[in-house]
Amino acid sequence: MNTCAMPGKKMNEEAPCILACPLRQDARDYVQLIARGRFSEAFQLVRERNPLPAACGRICTHPCETKCRRNSTDAPIAIAWLKRFLGDNFSEEPRRTVAERYPEKIAIIGAGPAGLTAANDLALLGYSCTIFESNSTPGGMLRMGVPTYRLPRVSIDNDVDIIKKLGVDIQYNTTFGVDVTFDSLKKEGFSVVFLGVGLLESRTLNIEGVELNGVLKGVSFLNEVNTKGNARIGKNVLVIGGGAVAMDCARTALRLKPDRVSVACLESRKEMPTTDFEIEEAIHEGTVVYNSVGPKRIVGKDGKVTGLETLKVKYVFDEQKRFNPAFHEGSESIIEADTIILAIGQASNLSFLRGQEGIQVTRGGTIIANPTTFSASVHGVYAGGDIVLGRGTMTESMAQGKKAAIAIHNALRNTFLKDEKWADKPAVSDVAASKIGLIKKEQKQEMPTMSLDKRLSNFNEVELGFSLNVAVREAQRCMNCGAGAQVDDNLCVGCLTCVRVCPFEVPKIAKGDTTAYIDGDCQSCGLCVVECPAKAISFKTPLEDCGKDALEAVFEEKFVQGIKPFIINFYCQYSAYKEDKESATDNLLFFHVRRVGVLGLGKVEPSSYLRAFELGAHGVLVTACKDDTCHFCKDQEWVEKRVNYTAQLLRGLGMDSRRFQTHFVSSQNGKEILDIAFRMVDELRNL
Ligand code: SF4
Ligand code: SF4
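Residues numbered from 1 in each chain as written. Chains lettered and ligands numbered in written order. Predicted model: local features only at pLDDT ≥ 70, side-chain atom pairs only at ≥ 80, totals over all residues. Heavy atoms only, no water.

**Quick notes on the pattern of salt bridges**
Phase 1 of the analysis: Taken as a whole and assessed by the stated rule, the structure comprises 44 salt bridges.
Phase 2 of the analysis: Of the charged contacts, one joins Asp-656 and Arg-658 as a salt bridge, the two residues approaching to 2.9 Å between their closest N and O atoms.
Phase 3 of the analysis: If you follow the salt bridges from partner to partner, you end up with Arg-150, Asp-248, Arg-251, Arg-255, Glu-278, Glu-281, Glu-285 and Arg-455 in one network. (Salt bridge = Lys/Arg side-chain N within 4 Å of Asp/Glu carboxyl O.)

Structure follows, in structure tokens:
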């Protein structure tokens, strides 16, 4: 479609949830696929960009949700939990196939997020990859650092199994610098080495008392509990730090049954560098949080910790927004503790490079790599992930693995392959204040969790995951930002029909302009698409075809033409997943009826109903939603208008009115629909 760029007409805007993701995961599109009940396609879409969906859906810090435009109206879409739903319930292998196999062998050091992602993408590009991992299992810091109550190991294993099916070999218990070196790998025929190791150490504090007995390092503590199921702690545990690792340490310590667990951090509650959900869960489980206090010294007696002397924080970030904490003089106080866990950040351990000549590192202990080519200072060696960033979230490390895979391929093939997903695009702006009241508020689905009395006696997963119906309902809250309706300037005649029909007051014709413009506040109800007399409006996304593809697909099914009578049921998907029981539409498939689901029947054109007859249907049954329950506004009114017009056309053609029926129902599933459908089958039999 040739939509011209007029002043004020912003083109190519992308959904902010997609732009916020370090991986540029297609959040909107997989959410929209879930909303339509197209789960396998949704999983495939996730998996094409993200080789660790089950793990990522659990522990990603989800910047996509922070930027979700639904924040303006009620609450963000639970994008990460929806990804987890897919990762837990689907396991199709990637649909991208390897076009060409290349002779080069690639060695990847570390089976953490960066290494696994690089291996996955290089395997899909056609390279033979071997990961060398010092541990006996995959996951790197996911396995060492993340507690099992947040990330069951089977979720990592399931994700890694799909990567292995691409031909990626993982050699466990193989430490780089000890069992293999740059030289030995070269002799074994590896052309490229990618260093993707994590930050394996905890940062320490430069204060009096850190050497006392009872001071533990966060990462070592978590690793010990994660691998052995236990660690030695006292009765009164204090964690220093306010991030995700600090919350993990506190919640892990609680499961070892001390009398008290507390957290002390520099940041105020609002500034704490982790998700609200993690903080709330830690508090819910019994953690006491001391905000805005800084560690002055660790106090002790007879070589053992007895507490932490703290100072009140004036500010954490200075005027230039740099981390530069300042404290109130004379505000000392003591928090008693017999165990102190340092969880103030992670650091590298570069001992694996000992004896390996030429790799340049920073004073901060990170490997120096070119940010575009990912090449380190030794020919044929590349590096990415936490060991280069010096910090990192899971998705940032994975993004490095993805970018490095393309960079390695470009270097080996002397080519310029580009991943267009990383192209710069403007984000769809926040929902205009004037529209907020017009958009229906829909409650965010909550994650079901294990009850408190069952949690603290084990390390079983606390978050229990969305059921199918809950996942669909949550996905159906998504506003499809950046993929709504668009006007073709070459066809628009400026008749103002779209301006009149839009319940959300979105289309406009700017002063001095002759064609309409639809901005990012479009809710994808489709009313203007159907009503536009010039047929100048369409949806930007091929996902929204108003049921046309699904209708055609029905008649590609074998045997359909032999079924008599054969009925097409157009139904609204918004109320097909209302009940909590797993009553998805599949349960309603029966011999004489095939269902065509659409998100809002207001977007079904009369021509689609007629097309069903043209393709061979004996009857068309429209089941629309009753009352004012529609996700969009006044959908019932528009459905009535379109079915009445269709019925009139069919009458004109001499068709019996029993062959085109519309019923307004309270649910799109269950007995009510079955009764209507069976009744219609009987009526058509008797025609
Ligand atoms: S409403 Fe949907 S498309 Fe819009 S930002 Fe949120 S998840 Fe993305
Ligand atoms: S699709 Fe619906 S919400 Fe979007 S501009 Fe058209 S009428 Fe308005």
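**Quick notes on the site of ligand 1**
Phase 1 of the analysis: Close to ligand 1 lie Cys-17, Arg-28, Cys-68, Arg-69, Ile-77, Ile-79, Cys-478, Met-479 and Cys-481.
Phase 2 of the analysis: Here the shell around ligand 1 is built from residues that sort into 7 nonpolar, no polar and 2 charged. (Near = heavy atom within 4 Å. Nonpolar A, V, L, I, M, F, W, Y, C, P; charged D, E, K, R; others polar.)

**Remarks on the site of ligand 2**
Phase 1 of the analysis: Residues in contact with ligand 2, as listed here, are Ala-485, Cys-502, Phe-504, Pro-507, Ile-518, Cys-522, Gln-523, Ser-524, Cys-525, Gly-526 and Cys-528.
Phase 2 of the analysis: In terms of residue class, the shell around ligand 2 is built from 8 nonpolar, 3 polar and no charged.

**Structural notes on the sheet that holds strand β19 (residues 567-572)**
Phase 1 of the analysis: Spatially, β20-β19-β21-β22 is the arrangement adopted by the 4 strands of the open sheet, whose pairing is parallel. Looking at the sheet topology across the chains shown, the edges are occupied by β20 (593-598) and β22 (660-665). Each strand axis lies, on average, 20 degrees off the axis of its neighbour in the sheet, ignoring direction.
Phase 2 of the analysis: As defined by bridge partners, strand β21 (residues 619-625) adjoins β22 across 6 bridges and the pair is classed as parallel. Across the sheet, Thr-623 pairs through a bridge with His-663, a residue of β22.
Phase 3 of the analysis: On the sheet, helix α22 (residues 606-615) packs against β19, β21 and β22 and is oriented at approximately 150 degrees with respect to β21.
Phase 4 of the analysis: Contacts between helix α24 (residues 671-685) and the sheet are confined to β19, β20, β21 and β22, with β22 contributing the most and set at about 165 degrees to the helix. (Pairing = 2+ DSSP bridges. Helix = DSSP H or I, 4+ residues; strand = E, 2+ residues; numbered from the N terminus. Axes fitted to C-alpha atoms, helices over the stretch in contact; angles between N-to-C directions. Contact = heavy atoms within 4.5 Å.)

**What about the sheet that holds strand β9 (residues 288-290)?**
Phase 1 of the analysis: Taking strand neighbours across the sheet as the criterion, the 5 strands line up as β6-β14-β7-β8-β9 in an open arrangement whose pairing is parallel. One side of each edge strand has no neighbouring strand; the edge strands of this open sheet are β6 (215-217) and β9. The sheet shows a mean angle of 25 degrees between the axes of neighbouring strands, taken without regard to direction.
Phase 2 of the analysis: In this structure, β6 lies alongside strand β14 (residues 339-342), joined through 3 bridges in parallel fashion. Across the sheet, Leu-216 pairs through a bridge with Ile-341, a residue of β14.
Phase 3 of the analysis: Contacts from helix α11 (residues 218-228) reach β6 and β14 within the one sheet, and its direction differs from that of β6 by about 75 degrees.
Phase 4 of the analysis: Along the sheet, helix α12 (residues 244-254) makes contact with β7 (236-240), β8 (260-264) and β14, crossing β8 at roughly 170 degrees.

**Looking at the environment of Ser-375**
Phase 1 of the analysis: Turning to its location among the elements, Ser-375 is positioned in the loop between β15 (346-347) and β16 (381-383).
Phase 2 of the analysis: We classify Ser-375 as partly exposed; its relative accessible area is 27%.
Phase 3 of the analysis: Discounting residues that sit within four places of it in the chain, Ser-375 has contacts with Ile-368, Ala-369, Asn-370, Val-381 and Tyr-382.
Phase 4 of the analysis: Within the structure, the side chain of Ser-375 is placed 2.8 Å from the side chain of Thr-373, a separation counted as a polar contact. (Buried < 20%, exposed > 50% of the residue type's maximum accessible area, 1.4 Å probe, protein only. Polar contact = N/O pair within 3.5 Å; in protein donor to acceptor, adjacent residues only side chain to side chain.)

**Comments concerning helix α2 (residues 27-35)**
Phase 1 of the analysis: In terms of burial, α2 is a largely internal element, 9 of the 9 residues being buried.
Phase 2 of the analysis: Close packing links the buried residues of α2 with α1 (16-20), α3 (39-49), α6 (79-89) and α18 (468-475).
Phase 3 of the analysis: Phi turns positive one or two residues past the end of α2, at Gly-37, with a value near 75 degrees.

**Points about unusual backbone geometry**
Phase 1 of the analysis: Backbone torsion omega between Lys-564 and Pro-565 reads -10 degrees, so that peptide bond is classified as cis.
Phase 2 of the analysis: Within the fold, Pro-565 resides in the loop between α21 (548-554) and β19.
Phase 3 of the analysis: Located in the positive-phi region is Asn-173, a residue other than glycine, with phi close to 50 degrees.
Phase 4 of the analysis: Along the polypeptide, Asn-173 turns up in the loop between β3 (169-171) and α10 (182-187).
Phase 5 of the analysis: Judged by its relative accessible area of 51%, Asn-173 is exposed.
Phase 6 of the analysis: Its identity as a non-glycine residue notwithstanding, Lys-257 has a phi of 65 degrees, on the positive side.
Phase 7 of the analysis: Relative to the helices and strands, Lys-257 is located in the loop between α12 and β8.

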